[in-house]
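Now for the letters of each chain:
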Amino acid sequence: MDFALLSWQSAAVCAAYFAAGIVDAVSGGGGLITVPALMTLGIPTHYIAGTNQCSAVIGNLASIYKYVRSGNVHFRSGLVTAVTAIIGGIIGAKLNMIIPEQYLMIIMILLMPAMALLVLLKKNFGEEDRSETLSGAKQLAFACAIGLLAGAYQGFYGPGAGMLYMLGFALLVRLSLVKASGTERFATIFAGLSSSLTYAFSGLVIWQIVLVATVFNFVGNYLGASLAVKKGARVIRPVLLFVMALLFVKLALNWIM
């Protein structure tokens, strides 16, 4: 599809994907920034998912590189979650066909404030990696649960799924927020790569936007991961709360409308 960007539109896309790269690398949820940005450009709905996915996948690799280099990826949990997320995604997509979306929105609208309170009130939340206090069997069981549940949400609805994966790793596998972020990046890149290739071959991608957005998203991801690795929970917690607030507002608006 041919799509010409005006100068202000190019600037808006660059800013959105740069900011989303930082958010994605720190806590997941960058799509809550980029998808509305693409919608304001008047892009047809069926092109938005493909364009957004292809614009973000290379940036995700930048943050993964930084997390792996710093030792902040729990590979065993990440791999198990990646596999079970495929099953969860299929289940979620099937449920989407038979259950009204409003029910999930109500559940998530009630859940978001509770999760935000947990992050706010538990001052030491995610500051230390305590995964070794769990047996290997429990780690794998929790990783399976994260993949199935967060994957089902991703298949059913989508926005904010990265944040749910990260919270799952921090709460259940007891990883530090930094390691939870790195593991989330690692676990979800497989789905991102496969879906990007699917969209690319289907022709549902506006490459003029991808070429512009990818560079800024790459830089944002690298800076975000660097900041998370350096500052840890001090920077991840506020970004996580910001993403929760964005998702809460989006769900509430969708439910009302």
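Look up a bit, the structure's there.
Residues numbered from 1 in each chain as written. Predicted model: local features only at pLDDT ≥ 70, side-chain atom pairs only at ≥ 80, totals over all residues. Heavy atoms only, no water.

1. Concerning the overall build of the chain
Moving on, step 1. Of the regular secondary structure elements, the chain holds ten helices and zero strands.
Moving on, step 2. Reading the secondary structure of the chain in the N-to-C direction produces α-α-α-α-α-α-α-α-α-α.
Moving on, step 3. Whereas a compact globule of 257 residues would reach a radius of gyration of roughly 18 Å, the chain reaches 17 Å, a difference of no more than 12%.
Moving on, step 4. Expressed as lengths along the three principal axes of its C-alpha atoms, the size of the chain is roughly 55 × 40 × 35 Å. (Helix = DSSP H or I, 4+ residues; strand = E, 2+ residues; numbered from the N terminus. Rg over C-alpha atoms; globule rule 2.2 N^0.38 Å.)

2. A short note on the packing of aromatic side chains
Moving on, step 1. Evaluated as defined, the whole model comprises two aromatic pairs.
Moving on, step 2. Relative to Phe190, the ring of Phe186 lies with its centre 5.5 Å away and its plane at 80°, an arrangement referred to as edge-to-face. Of the two residues, Phe186 and Phe190 both sit in helix H8 (residues 177–202), four residues apart, roughly one turn of that helix.
Moving on, step 3. Residue class for Phe190 comes out partly exposed when judged on its relative accessible area of 41%.
Moving on, step 4. Cluster of aromatic residues (ring-pair linked, three or more members): Phe75, Phe186 and Phe190. (Phe/Tyr/Trp six-rings, centres within 6.5 Å; stacked < 30°, edge-to-face > 60°. Buried < 20%, exposed > 50% of the residue type's maximum accessible area, 1.4 Å probe, protein only.)

3. As for helix H9 (residues 207–231)
Residues lying three or four places apart along an α-helix face the same way, a consequence of the helix completing one turn every 3.6 residues.
Moving on, step 1. A rise of 1.5 Å per residue sets the reference length of H9, with its 25 residues, at 36 Å; its end C-alpha atoms lie 35 Å apart and thus fit the reference within 8%.
Moving on, step 2. Considering bend angle alone, the principal kink of H9 is centred on Ala213 and spans about 30°.
Moving on, step 3. Taken together, the buried positions of H9 are occupied by Ile209, Val210, Ala213, Thr214, Asn217, Gly220, Asn221, Gly224, Ala225, Ser226 and Ala228.
Moving on, step 4. Of the surrounding secondary structure, the elements contacted by the buried residues of H9 are helix H1 (7–27), helix H2 (31–40), helix H3 (45–69), H8 and helix H10 (233–256). (Expected span 1.5 Å × (residues − 1). Bend = angle between axes of the 7 residues up to and from the residue. Contact = heavy atoms within 4.5 Å.)

4. Comments concerning the packing of H1 against H3
Moving on, step 1. One way to put it is that H1 packs onto H3 with a least axis distance of 10 Å and a crossing angle of 50°. Compared by their axis directions, H1 and H3 come out oblique. As H1 runs across H3, the sense of the crossing is right-handed. Within the contact between the two elements, H1 uses Tyr17, Asp24, Ala25 and Val26 and H3 uses Thr51, Asn52, Ser55, Asn60, Ser63 and Tyr67. (Axes fitted to C-alpha atoms, helices over the stretch in contact; angles between N-to-C directions. Parallel < 35°, antiparallel > 145°, perpendicular 65-115°, else oblique. Left-handed = near helix turned anticlockwise from the far one by under 90°.)

5. Overview of unusual backbone geometry
Moving on, step 1. A positive phi angle is found at Arg174, which is not glycine, with a value near 65°.
Moving on, step 2. For Arg174, the location among the structural elements is in the loop between helix H7 (161–171) and H8.
Moving on, step 3. A relative accessible area of 29% places Arg174 in the partly exposed class.

6. So, a nonpolar patch on the surface
Moving on, step 1. Side chains of Ile87, Ile91, Leu95, Met97, Ile98, Ile99, Tyr103, Leu148 and Leu149 sit close together on the surface and give an oily, nonpolar patch of about 900 Å² of accessible area.
Moving on, step 2. Considering each element in turn, the nonpolar patch owes the most residues, five residues, to helix H4 (residues 75–98).
Moving on, step 3. Residue placement: Ile91 occurs in helix H4.
Moving on, step 4. Judged by its relative accessible area of 39%, Ile91 falls in the partly exposed class. (Patch = residues over 30% accessible without salt bridge, like charges linked within 9 Å, V, L, I, M, F, W, Y side chains within 5 Å. Areas by Shrake-Rupley, 256 points an atom, 1.4 Å probe, with all protein chains shown as cover. Salt bridge = Lys/Arg side-chain N within 4 Å of Asp/Glu carboxyl O.)

7. Here's the deal with the packing of H1 against H10
Moving on, step 1. Put simply, H1 and H10 touch, their axes get as near as 9 Å, and they point 110° apart. By the angle between their axes, H1 is roughly perpendicular relative to H10. Every pair of crossing elements has a handedness; the one defined by H1 and H10 is left-handed. Across the interface between the two elements, Val23, Val26 and Ser27 from H1 touch Val235, Ile236, Val239, Leu240, Phe242 and Val243 from H10.
Moving on, step 2. By residue class, the composition of the contact of H1 with H10 is eight nonpolar, one polar and no charged. (Nonpolar A, V, L, I, M, F, W, Y, C, P; charged D, E, K, R; others polar.)

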